[in-house]
Amino acid sequence: MAKTSVDISFGLVDVTAKMDTTASAVDKQPFINLNDLKLEGVYPPKAATLEQDYWKLDGTFNTFPDNPQDISWGIWSSTMAGEDGHFVVPIVLTLSFQNLHESLGLTFEFNPYDNSYCNDLNIKWYQGTTLLYNLDFSPDSWRYACMQKVENYNKIIITFRRMDKPYRFLKVQNIMHGVIKEFGSTELKTAKILEEIDLTGLTLSVNTLDFSMFSRDDAFNIFNPSGVYTLLQRKQQLIVSGTKNEEKMHMGTFFVDEMESQTNKILSISAVDPIGIMDGTTFMGALYKNAIAADVVEEIMEGAGFGYALDNALRNKTVTGHIPICSHREALQMLVFSIGGFVSTSRGGTVNIKKIPEITSVPTSQIGMNRKHIGTKVKLRNLVTGVDVVEHNFTLKSSSEEICKVNLEVGSNTITFSEPATNISVSRGTITQFGINYCIVNSTAAGECTVSGKKYDDSQKTIQKRLPNIPAGEKELIEKVDCRLIHSMNSNEIAQRLLDIYQYRIEQSLSFILDRESVGDLADIETEYGVYRGAVVEKLDIDLTGGYVTKAVVVGV
């Protein structure tokens, strides 16, 4: 029987500080984007390097990616520490903010994969040119809180002087403006994670965490001004760690969505993954023509404020078409669907954009009879006999015309368009910003305004794919799909891909003890002794406080 445990950490942090950050550093690898420090959910892959005693040949390390710029890393220095762990020239990172902030300190997340960290650093907090605090710290773990309550700061200078191990790069995947509080198995009453994906790409699923905590004191009393309840904010980060047979696992990063104080001693929290937060943010859209997928992903994810990793097989796919004003979740769904990928945040917090697995590929895991619980259910999904996809072709009209009429108020006015347009002009006020789907007009007086510009014609065509033969007794079932990123160069590929995926019809609902399975994995399922069938993991419902018993849905042919 596997010995398991779980703990959930939440940050008592200033959730506004990250997006307000402007970072600068001279000593960094060429693939590093310092804007990563503005993002939530930055968890780089476990990538092999030639740092001394780092790359263990135990099969857990990935080869270093060919295009590291497509992954959010945080900070990674170009200088390596010496034999004694010191940097010849200390590495300096400056964080500047437009607004004033306050926090209980700074929490650093260095490199979790071998617990390596900077063990000698200095932090200076400033308000303008006024030095507020100048303190030295000696971290002793990869995640470490430098405790110091500081109010009204708008600049921080951090100097990293020494690593705990020789011949290592400085790696900082995350800096939180606050400290971490941890709840362990003795305080957690229940904890469950639900993970899902849609292989068709037509929806972008939100993973969820639901848990309840027990406190012997009055910590969860909503009326207690010093209680935990008052410290939690919506979008507060929650880090879930699990242990199975003394092996530590990162189970996910979530963000507080809803809280309920059941009693003065019990608090229930529902949380969502980055996709859930992206559902409440706005992407202003764009019109693309042969754009590189990696560039569009970066545009969407930096606007959403989350770290990501893009599969190398997808990075050079081209994107053509129109994304209207929508949430970042919807924009990412349209993009990923159009390039043949799916999204998973499982076992981390990074938004991983991966290529859809092929059922004939080598499986990443095996679920045998020795792990399965009694009661597997098998059913056959409806036979989809054909797919119709609508392709779009946007062409700019030659002449300008009226787009809309609006009543302006004094000051800044955001005007959105029902269809894409360019060469925008207004009859009143001054355009201060514009895009393909909107313009912002500043007006000194209220009144009616006519917005004019060149619109785009959207010529449409339906592409059909059908099964060559329909089994006797089956009825025709056609799935129809419309996405504005479907065009003449990818419509046939998308239609065939969807038709192929719809043929994954054998659905198994089973229960087993979780190992390292994740949604999107290709797994070999033992259906009878010695007989295995390949399937893609679509859903995992994990009971973290119940021994990692997991209810799963897998689908195959």
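Throughout, a residue's number is its position along its own chain's written sequence, starting from 1. In keeping with the model being predicted, local features are shown solely for residues with a pLDDT of at least 70 and side-chain atom pairs are shown and tallied solely at 80 or more, while totals for entire chains, interfaces and linings include all residues. The side-chain numbers reported here are obtained from all heavy atoms of the structure, hydrogens and water having been left aside.

1. Focus on the sheet that holds strand β30 (residues 438–443)
The test is simple: Only strands that DSSP links by at least two bridges are regarded as paired with each other. Labels follow the DSSP assignment, with helices taken as runs of H or I lasting at least four residues and strands as runs of E lasting at least two, numbered in each case from the N terminus. Interaxial angle, 0 to 180 degrees, is taken between N-to-C directions of lines fitted to C-alpha atoms, where a helix line uses only the stretch in contact.
Strand order in the open sheet made by the three strands is β27-β30-β29, with antiparallel pairing throughout. Edge positions in the sheet fall to β27 (411–416) and β29 (430–434), since each has one partner strand and no second. Sheet twist, expressed as the average angle between the axes of neighbouring strands with direction ignored, equals 25 degrees.

2. So, the packing of aromatic side chains
Using the following cut-off: Aromatic rings from Phe, Tyr and Trp, taking only the six-membered ring of Trp, are treated as a pair when their centres fall within 6.5 Å; an angle between ring planes under 30 degrees marks them as stacked, one over 60 as edge-to-face, and anything in between as tilted. Type-normalised accessible area, obtained with a 1.4 Å probe on protein chains alone, sets the label of each residue: buried when under 20%, exposed when over 50%, and partly exposed for intermediate values.
Considering all chains together, one arrives at 14 aromatic pairs under this definition. Summarising the aromatic geometry, the rings of F31 and W76 are spaced 5.6 Å apart at their centres and angled 85 degrees between planes, so their arrangement reads as edge-to-face. Placement of the pair is F31 in the loop between β2 (21–24) and β3 (75–80) and W76 in strand β3, with a sequence separation of 45 residues. When its relative accessible area of 16% is taken as the criterion, F31 is described as buried. Consider the rings of F108 and F160, whose centres lie 6.0 Å apart with planes at 85 degrees: the pair is edge-to-face.

3. Things to note about unusual backbone geometry
The backbone phi angle of D53 is positive, close to 60 degrees, even though this residue is not glycine. Its place among the elements puts D53 in the loop between β2 and β3. With a phi close to 60 degrees, R347 is a non-glycine residue in the positive phi region. Along the polypeptide, R347 turns up in the loop between β21 (341–344) and β22 (351–355).

4. Considerations on the pairing of strand β34 (residues 522–528)
Note that strand β23 (residues 365–367) and β34 share three bridges and pair parallel. Residue S365 lies in a different strand from β34, and its bridge partner there is A523. In this antiparallel pair of consecutive strands, β34 and strand β35 (residues 531–543), the connection spans two residues, and G530 shows a positive phi of 85 degrees.

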